[in-house]
Amino acid sequence: MKRSLFVGTLSLAVSGLLIAGAGTPASAAKGPRAVSPKPSKAQALRDATAEVAASPKTVKAGAHDTFLSHDVTVDKDGTRHVHLDRRYQGLPVLGGDVIVHSAPNGELRSTSLTLKAPLTLSVTPKVSKQRAVAVAVATFKGTKKGSRADLVVDATAATPALAWQVVVDGTAPDGSPSHVHTLVDATTGKAGKSWNTFHSTVVPGTTANAPQTTAVAGAAASGTGHGYQVGDVTLGTNSISGGYELKDPTRGNGETRDAQNKTVTNDSPPASWGVAFTDTDNVWGNGTLSDRATVAVDAHYGIQATWDYYKNVHGRNGIKNDGVGARSFVHYGVNYANAGWDDDSFSMIYGDGASGQKPFTELDVAGHEMSHGVTAATAGLNYFGDAGGMNEATSDIFGTLVEFNANSPADKPDYLIGEKISSTPLRYMDDPKKDGSSQSCWTTNTKNLDPHYSSGVGNHWFYLTAVGSGSSSYGNSPTCDGGTVTGLGNDAAGKIWYRALTTYLTAASTYADARTATIKAATDLYGASSTQCTTVEKAWSGVAVAPTATTCGGGTTQPPSGSNLLSNPGFESGATTWSASSGAITNDTGATAHTGSYYAWLDGYGSTHTDTLSQSVTVPATAAAPKLSFWLAIDTKETGTTAYDTLKAQVVSGTTTTTLATYSNATPSGYVQRTLDLSAFKGKTVTIKFTGAEDSSLATSFLIDDTSVTTG
């Protein structure tokens, strides 16, 4: 049986303890776990909107600003992160989006945004739409299929300005779909920033090895694939009349189709474009290019592996987190040397490669391209400036992690992008400048590069964070500051970047903003004093992105003063260095840590029970003002002011046990920092001990995290 947390009394607490799910502590349990629902996304949005209305200064909002929902995330403890798109006098504001971070009770905590001041500008254009379209069309290269233009506020400029955002749809010279956005100043008529929302693996018009400066009736089935790039794999397919098709009902009906070596005649491939791959025996391809289904196996496995990575590692249900799978078109064009993601049609295209190349259906390419869709659905990073580089880096990072997660014997995981397509990898994460065009270190010119090349800064940061600096089996990674970085591994590095992307980055974020965002993400996941957080800092310095106001070790979660004399103070290494009752130190999702994943859960059984937690420490005789500090949350089913269940903070010195403070069910609360005086124990080696005692009925849980003993 299991311990329970009860939330009835916690709704009044500023730091509520809400439960996202049930789990079983490692120790024997004694009662059904009560699960409290997280606030719905709709409720989080309503509360965030109300907070913005009540505190417009926090989001630099003026009287003419309105906000629309872009994305909503609710953490397992109920903390909310609501991403809002801004409109000024009804016009979209590029770079005006904001993320509202709120406590589990809806109280505003902070905001993330790049806008520096409220907007004050005229929205009456001096340049006509027709003239703006003509200016943009004149710069378009390829076959134009149509154009459209809308007024926007460009808040990515040094001074926000009114602009026509002209989109020219068509086909690029190399056959790629093309959606070229150009900002035309609505006062002067001058063309400004330009970017394409069709995201390709390599810069369109270059070669890979020469870089330049809805459900169908049927049932889920399991097929066998013989791919060209991925080897022999199991595929999710769909049973239809007379056989099977390459559509996966278990992954949102993700589908792979044959483009028949054609290019789109409109700007985006429609869902029914090309022809479906069907088969009678559910065995696909023969491992060679003589069978058109062979590369379809690669692409379909890419859909599957990408879906599984995001689902199993990050809990994301598809690219948009809506349960809908993507569509892939293989054999696109003739000798088409590229692959790309088209967010407009929610689909991918893969070329067979130019002469001397292999098909672009490599696994990390699939993960790369579909991750552009994840970025669009979350941070919405612009495809220009530093944000453009981070957009591309995000796809390289997650494409690499998809490859590692799949761990295919036919495609040994590495930190190279597209290395199976030709003799030279498309990009190197250990030292991006090795491709001849990418940057390994940030400079003031980074923002002016094509995103495929400015991505090098983000790629290098990720490699340093995951693998570390210097020589390894994966490469040799220098640092820009001459420092040394010890890597955390892919799991921690990937989770930190994913949380930064989905929780803190906005459309116009810079690499400096990314440093801030990843420090916040590492703090959320592992604690402000964690090795993970300090590694993030070292890695950013290692790619020449300077420190910002946000640093590890900052904020209210730190000990009062001095270095921490306790080992494993946040329990992130499990029970290491602590003596504790069985199961007391846990990462059980039935409750939540103050920071990181692990915490100490004492009692909560609803029957007579005692749990203890202790660690020995020497208090220096020279300590000026030694203190014991810890964060404590108390959740109970008891009522009234009688102390039935208690937690004692104690010091054991020799044979004497001194109780410094007693807490009980009578004062339930979310996490609150407690600080106690240790001056009486200067010059002694003592044991810091917590003793939780519960009576015969009605459970009380005492949650302890982020402990410290400091000298003052």
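The rules we used
- Residues numbered from 1 in each chain as written.
- Predicted model: local features only at pLDDT ≥ 70, side-chain atom pairs only at ≥ 80, totals over all residues.
- Heavy atoms only, no water.
- Helix = DSSP H or I, 4+ residues; strand = E, 2+ residues; numbered from the N terminus.
- Buried < 20%, exposed > 50% of the residue type's maximum accessible area, 1.4 Å probe, protein only.
- Contact = heavy atoms within 4.5 Å.
- pLDDT = per-residue confidence, 0-100.
- Disulfide = S-S within 2.5 Å.
- Core = buried A, V, L, I, M, F, W, Y, C linked by side-chain atoms within 4.5 Å.
- Pairing = 2+ DSSP bridges.

Structural notes on the environment of Gly340
Reasoning step 1: Inspection of the secondary structure puts Gly340 in strand β20 (residues 339-342).
Reasoning step 2: A residue is classified by how much of its surface remains accessible, and Gly340, at 0% relative accessible area, is buried.
Reasoning step 3: In contact with Gly340, not counting residues within four places along its chain, are Phe198, His199, Ser200, Ser347, Met348, Ile349 and Glu369.

What about the confidence of the model for the chain?
Reasoning step 1: Mean pLDDT over the chain works out to 88, with 91% of the residues at or above the 70 mark.
Reasoning step 2: Here residues 555-561 is a poorly scored stretch, pLDDT under 50, and it has 19 contacts once near neighbours within four places are set aside; other chains count.

Focus on the state of the cysteines
Reasoning step 1: All chains considered together, the criterion is met by 2 disulfides.
Reasoning step 2: Between the sulfur atoms of Cys441 and its disulfide partner Cys480 the distance amounts to 1.9 Å. Its S-S torsion of about -95 degrees marks the bond between Cys441 and Cys480 as left-handed, since a negative value means left-handed. Taken as a pair, Cys441 in the loop between β23 (427-428) and α6 (451-466) and Cys480 in the loop between β25 (475-477) and α7 (490-503) lie far apart in primary sequence, 39 residues in all.
Reasoning step 3: Since its relative accessible area comes to 28%, Cys441 is described here as partly exposed.
Reasoning step 4: Of the residues examined, Cys480 reaches a relative accessible area of 30% and is grouped as partly exposed.
Reasoning step 5: Here Cys533 is linked by a disulfide to Cys552, with a sulfur-sulfur distance of 2.0 Å. Around the S-S axis, the bridge from Cys533 to Cys552 shows a dihedral of about -95 degrees and counts as left-handed. Of this pair, Cys533 sits in helix α9 (residues 531-542) while Cys552 sits in the loop between α9 and β26 (579-580); the two residues are 19 residues apart in sequence, bridging distant segments of the chain. Cys552 carries the same exposure label as Cys533, and that label is buried.
Reasoning step 6: Ordinal numbering of bonded cysteines along the chain defines a disulfide pattern of 1-2, 3-4.

As for the nonpolar core
Note that soluble globular proteins tend to have their nonpolar side chains buried in a common cluster.
Reasoning step 1: Counting 75 residues, the largest nonpolar core has Tyr350, Met370, Phe398, Trp461, Phe462, Trp497 and Trp540 as the members making the most contacts within it.
Reasoning step 2: For this core, the leading source of residues is helix α3 (residues 293-314), giving 10 residues.
Reasoning step 3: Counting residues in hydrophobic clusters, the runner-up holds 29 residues, among them Phe571, Leu602, Leu613 and Phe681.

Comments concerning the sheet that holds strand β35 (residues 700-710)
Reasoning step 1: Taken in spatial order, the 5 strands of this open sheet run β27-β28-β35-β30-β33, and their pairing is antiparallel. What marks the edges here is a single partner per strand, and that holds for β27 (585-586) and β33 (669-677).
Reasoning step 2: Bridging between β27 and strand β28 (residues 599-603) involves 2 bridges; their strand directions are antiparallel. Among the inter-strand pairings, Thr586 is bridged to a residue of β28, identified as Tyr599.

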